[in-house]
Protein chains: 2
Amino acid sequence: MFQLLRDGRPRTRADLAAVTGQARSTVAARIDLLMAAGLIAPAGEATSTGGRPPATFAFAPSARVVLGVDLGATHARLAVTDLASTILAQRELPLLITDGPDLVLDRVAETGAELLREAGRSTSELAGVGVGLPGPVEHATGKPNNPPIMPGWDNADVPAILGDRFHAPVLVDNDVNIMALGEHRTAWPGVADLLFVKVATGIGAGIIADGALRRGAQGSAGDIGHVAVPGVTDVVCRCGNIGCLEAIASGLAVANKLEGAKTPADVVALVRSGDVAASQAVRQAGRDIGAVLATSVSLLNPSMIVIGGILADAGEHIVAGIREVVYQRSLPLATQHLRIVTARTGTQAGVLGASAMAVDQALSSEAVDRLVA
Amino acid sequence: MFQLLRDGRPRTRADLAAVTGQARSTVAARIDLLMAAGLIAPAGEATSTGGRPPATFAFAPSARVVLGVDLGATHARLAVTDLASTILAQRELPLLITDGPDLVLDRVAETGAELLREAGRSTSELAGVGVGLPGPVEHATGKPNNPPIMPGWDNADVPAILGDRFHAPVLVDNDVNIMALGEHRTAWPGVADLLFVKVATGIGAGIIADGALRRGAQGSAGDIGHVAVPGVTDVVCRCGNIGCLEAIASGLAVANKLEGAKTPADVVALVRSGDVAASQAVRQAGRDIGAVLATSVSLLNPSMIVIGGILADAGEHIVAGIREVVYQRSLPLATQHLRIVTARTGTQAGVLGASAMAVDQALSSEAVDRLVA
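Residues numbered from 1 in each chain as written. Chains lettered and ligands numbered in written order. Predicted model: local features only at pLDDT ≥ 70, side-chain atom pairs only at ≥ 80, totals over all residues. Heavy atoms only, no water.

- The name given to chain A in an unreviewed UniProt entry is Sugar kinase, with Promicromonospora soli as the source organism.

**Observations regarding the overall build of chain A**
- Each helix and strand in chain A was counted, giving 14 helices and 15 strands.
- Radius of gyration (C-alpha) of chain A: 23 Å, near the 21 Å computed for a compact globule of 373 residues.
- The principal-axis extent of the C-alpha atoms belonging to chain A is close to 75 × 50 × 40 Å.
- When each of the 373 residues of chain A is scored for burial, the buried share is 55%.
- In chain A, the share of contacts with a sequence separation of at least 24, taken over all contacts with a separation of at least 6, comes to 59%. (Helix = DSSP H or I, 4+ residues; strand = E, 2+ residues; numbered from the N terminus. Rg over C-alpha atoms; globule rule 2.2 N^0.38 Å. Buried < 20%, exposed > 50% of the residue type's maximum accessible area, 1.4 Å probe, protein only. Contact = heavy atoms within 4.5 Å.)

**Things to note about helix α6 (residues 175-187) of chain B**
Residue and element names in this part refer to chain B.
- An ideal rise of 1.5 Å per residue puts 18 Å on 13 residues; α6 measures up with 18 Å between its terminal C-alpha atoms.
- Here α6 lies mainly inside the structure; 11 of its 13 residues are buried.
- Within α6, burial applies to D175, V176, N177, I178, M179, A180, L181, G182, E183, H184 and A187.
- Of the residues that open α6, the one with a side-chain oxygen 3.0 Å from the backbone nitrogen of V176 is N174. (Expected span 1.5 Å × (residues − 1). Polar contact = N/O pair within 3.5 Å; in protein donor to acceptor, adjacent residues only side chain to side chain.)

**Looking at the relation of the copies chain B and chain A**
- Overlay of chain B on chain A (RMSD 0.0 Å): rotation 180 degrees, translation along the axis 0.0 Å. In the structure described here, the two chain copies are related by an operation that fits a two-fold rotation axis. When C-alpha positions in chain B are compared against the rotation axis, the closest is assigned to P230 of chain B, at 1.9 Å.
- A shared interface surface links the copies, since 100% of the contact residues of chain B are contact residues in chain A too. (Least-squares fit on C-alpha atoms with pLDDT ≥ 70 in both.)

**Structural notes on the domain arrangement of chain A**
- Segmenting chain A into domains produces domain 1 (2-59), domain 2 (65-179 + 349-372) and domain 3 (186-345).
- Taking the mean C-alpha position of each, domain 1 of chain A and domain 3 of chain A sit 46 Å from one another. (Domains from an automatic or database assignment.)

**Notes on the sheet that holds strand β3 (residues 55-59) of chain B**
- If you trace the 3 strands from one edge of the open sheet to the other, you get β1-β3-β2 (chain B), paired in antiparallel fashion. Strands with a single pairing partner mark the edges of an open sheet, and in this sheet they are β1 (11-12) and β2 (40-45) of chain B. (Pairing = 2+ DSSP bridges.)

**Quick look at the packing of helix α4 (residues 101-118) of chain B against helix α5 (residues 158-166) of chain B**
Residue and element names in this part refer to chain B.
- The contact between α4 and α5 brings their axes to 10 Å, and the two run at 35 degrees. You can see that α4 and α5 cross each other, and the crossing is right-handed. Facing L105, D106, V108, A109, E110, G112 and A113 of α4, the residues of α5 in contact are V158, I161, L162, R165 and F166.
- Class assignment of the residues belonging to the contact of α4 with α5 gives a composition of 8 nonpolar, 1 polar and 3 charged. (Axes fitted to C-alpha atoms, helices over the stretch in contact; angles between N-to-C directions. Left-handed = near helix turned anticlockwise from the far one by under 90°. Nonpolar A, V, L, I, M, F, W, Y, C, P; charged D, E, K, R; others polar.)

**Quick look at the interface of chain B and chain A**
- Taken together, the contact pairs 47 residues of chain B with 47 residues of chain A.
- With both chains or domains summed, chain B and chain A bury close to 3900 Å², and 54% of this area falls on carbon and sulfur atoms.
- Its largest share of buried area at the contact with chain A, chain B owes to L299, R329 and L333 of chain B, together 20% of the area lost on that side.
- Applying the counting criterion to the chain B and chain A interface returns 2 salt bridges.
- Between R214 of chain B and D210 of chain A there is a salt bridge, with its nearest N and O atoms 2.9 Å apart.
- Joining chain B to chain A, the criterion identifies 22 residue pairs in polar contact (both at pLDDT 80 or more).
- Here the element with the most residues in the side of chain B that touches chain A is helix α10 (residues 276-300) of chain B; it accounts for 5 residues.
- Partitioning the side of chain B that touches chain A into residue classes produces 19 nonpolar, 22 polar and 6 charged. (Buried area = accessible area lost by both parts, 1.4 Å probe. Salt bridge = Lys/Arg side-chain N within 4 Å of Asp/Glu carboxyl O.)

**Overview of the nonpolar core**
- Grouped together as the largest cluster of nonpolar side chains are 94 residues, with contacts concentrated most on V197, I224, L293 and I307 of chain A together with V197, I224 and L293 of chain B.
- In contact with I224 of chain B, other than residues within four places in its own chain, are L299 of chain A together with V197, I203, G204, A205, L245, V292 and L293 of chain B. (Core = buried A, V, L, I, M, F, W, Y, C linked by side-chain atoms within 4.5 Å.)

**Section: the pairing of strand β3 (residues 55-59) of chain A**
All names here are of chain A.
- Most of β3 is tucked away, with 4 of its 5 residues classed as buried.
- By the bridge criterion, 2 bridges tie strand β1 (residues 11-12) to β3 in an arrangement that is antiparallel. Each bridged residue has a counterpart across the sheet, and for R11 the counterpart in β3 is F57.
- Two strands pair when backbone bridges link them, and strand β2 (residues 40-45) and β3 are joined in this way by 4 bridges, in the antiparallel orientation. Paired with E45 across the bridge in β3 is A55.

**Describing unusual backbone geometry**
- Here the phi dihedral of N301 of chain A falls at roughly 50 degrees; this positive angle occurs in a residue that is not glycine.
- Residue placement: N301 of chain A occurs in the loop between α10 (276-300) and β14 (304-308).
- Look at S85 of chain B: it is not a glycine, yet its phi comes out positive at around 60 degrees.
- Checked against the element boundaries, S85 of chain B lands in the loop between β5 (75-82) and β6 (87-94).

**Side note on the sheet that holds β1 of chain A**
Residues and elements named next belong to chain A.
- One open sheet holds the 3 strands; their spatial order is β1-β3-β2, and the pairing between them is antiparallel. The outermost strands of the open sheet, each flanked by one partner alone, are β1 and β2.
- In this fold helix α3 (residues 24-36) packs onto β2 and β3, with an angle of close to 115 degrees to the strand it touches most, β2.

**Examining the packing of helix α3 (residues 24-36) of chain B against helix α14 (residues 365-372) of chain B**
All names here are of chain B.
- Where α3 contacts α14, the axes come no closer than 9 Å and their chain directions differ by 85 degrees. Here α3 is positioned roughly perpendicular relative to α14, judged by the angle of their axes. Taken together, the residues of α14 that come into contact with α3 (itself represented by R30, L33 and L34) are V368, D369 and V372.
- Its residues assigned to classes, the contact of α3 with α14 comprises 4 nonpolar, no polar and 2 charged. (Parallel < 35°, antiparallel > 145°, perpendicular 65-115°, else oblique.)

**What to know about the packing of aromatic side chains**
Residues and elements named next belong to chain B.
- Taken as a whole, this structure holds 2 aromatic pairs over all chains when the rule is applied.
- Ring geometry for F2 against F59: centres 5.7 Å apart, planes inclined by 75 degrees, an arrangement best described as edge-to-face. Separated by 57 residues along the polypeptide, F2 in helix α1 (residues 2-5) and F59 in strand β3 bring together distant segments of the chain. With respect to burial, F2 and F59 carry one shared label: buried. (Phe/Tyr/Trp six-rings, centres within 6.5 Å; stacked < 30°, edge-to-face > 60°.)

**Let's talk about the pattern of salt bridges**
Residue and element names in this part refer to chain B.
- Evaluation of the coordinates by the stated rule reveals 32 salt bridges over all chains.
- Linking R121 and E125 is a salt bridge whose minimum nitrogen-to-oxygen distance equals 2.9 Å.
- Residue class for R121 comes out buried when judged on its relative accessible area of 16%.
- We note a salt bridge from E246 to R238, for which the minimum N-O separation is 3.1 Å.

**A short note on the side chain of N241 of chain A**
- Inspection of the secondary structure puts N241 of chain A in the loop between β13 (212-214) and α7 (245-249).
- On the basis of relative accessibility, which here comes to 14%, the residue N241 of chain A falls in the buried class.
- A polar atom in the side chain of N241 of chain A sits 3.4 Å from the side chain of Q328 of chain B.
- In this structure, N241 of chain A is in contact with V235 and V236 of chain A together with Q328 and R329 of chain B, ignoring residues within four places of it in sequence.

**Description of the environment of A343 of chain A**
Residue and element names in this part refer to chain A.
- Its place among the elements puts A343 in the loop between β15 (339-342) and α13 (349-362).
- Through-space distance from the C-alpha of A343 to that of A187 is 8.4 Å; in sequence the pair is 156 residues apart.
- In this structure, A343 is in contact with E183, F196, V306, I307 and G308, ignoring residues within four places of it in sequence.

Listed below in structure tokens is the structure:
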């Protein structure tokens, strides 16, 4: 019954009895429990067809809060949000992921506690924590799995460490998946099949199919950085294979090709300053990414590809290169209604997605049953 | 409540009231309605803890039947099954898809009616029809979309034509998707993330993710026949692009490379007779398919790849070639627990999947609500 109300629309007891097939007395008792838990609230009166107008009830997203955490290689973003993922307090801070889980998660716990105070909420109101990490994560256990840029983090029990500090359920996923979730929920909630691609230091994707994030068997779905680019036979990747997308078209690979650029941010600055070589290099990276996305489009048939990550800030060059190859190389049926756009949530995609992941868990049928039992 | 019972396990009224949260009186009334509709039946008594032992109820798969139809280029397979997709009567017949929808669907309707009689069931007991076609289908409308080997079928209203004959809901999908569904439900129901690949005259895939078939936005997901094979730059496909998988590694492409082979069946016969050139060609086709599947594995992270279609009958050569490249080229995290096997349902994959598709529709919550209303 509560899942119905999550859309925010007010409903009467009679509405809810009709839709769920439950007895009026069962519905009334459940409403009382959900009200006591603060998850729903009175929402005025419905129009009456005669007699006293019936009371309506609606989801109360401010009932509790969650903490969204987006950890990158050299920074972190944290946000306390309500149960509709509306941001109540947020902070960005410099932080080295190479400092290892103890130091980093200690900073996360401290900053999270500060943000809770800033939002005027207590730890007891925290319904969950969502965390994104810059490397492969086994979503079921929340443990990083051989993450290449995170020394000391392999198999670290992130849910246990943060759970001890916050006394709330902790869910962990890789940064691209939470960005995909954040962008999908915030900007394109009605798009059932969407592919989110992050182009930054590395390259990765998050898959939304039939409205939900699909993580695959080990949680590594969307890991396209080491997919072979068709037609490229002369670039050796650090992984040992030939022609990997990341070795050819990542922000770092593009920076290495340009004089005066060391990081993806330098590449963006060069493009913005009107540097022709930089614009051409970014467009070519777009074409190479497009070659892999053409395969992804044939395989997944999304109706939308969203390009995020810092290289998406280099204007239309990267999207133009991607479009060029995807529309040339994919099947007409799959590209007929395909849109390819840049992300709308920008640097907030990660925390919004981490928040959404924690909210979904906190408001799952099982969690709500426990809460009102 | 009925959805719970679909697993076949007997339950008491008290079990069902506890799980659904519905009043005992609501549960009892619903059980009476489902019994009257024949969808559930008494299943003996539960162990008593004192007093009269309570009655249990279970799903009755023989309540109604569905018709599964698998149409190929030159043949058709039809089966009448019960609601657990157990085959009650089946037939294979020669049939040219190029005869067009009127002639072909007329044959289907006649044969379906004969099979119903053979199974001792009437048209009024038919809960639905599932149809697989050898070309792209818009699943939502059931209409073929520019199918290359099906002249006269573009936009044909298959559900309307067969619906007129059977007076039951008709669902249509492409042949690879129904094969994926049939193989998944029959042989690997516990595998949540599975990629089914058909290698026959053409090449296509069906995607099972989080336990369900994923069709994408236009229903073309899995269409990997015209994906570019990495490293191949010298083969022009009939579609006009270069290096398409189908132009290099389909059963037809392999037959074209071999003396004495005109069809994929000829290739299989040569391999079985011990022809070394044929075995080598099939193994190389496996490697080329493996190059595209390596990308698919990185993207989808399935725990199982199932190879079906007639070339899977050429023994281990094709799977060996696929394994060789997938294990070399995909990420370790994604291949750690990956199994690559040949299909178990063989030529019955299609009708079993078509039956499962029709059953899912017939037993959906909405359909059952209508039935017992």
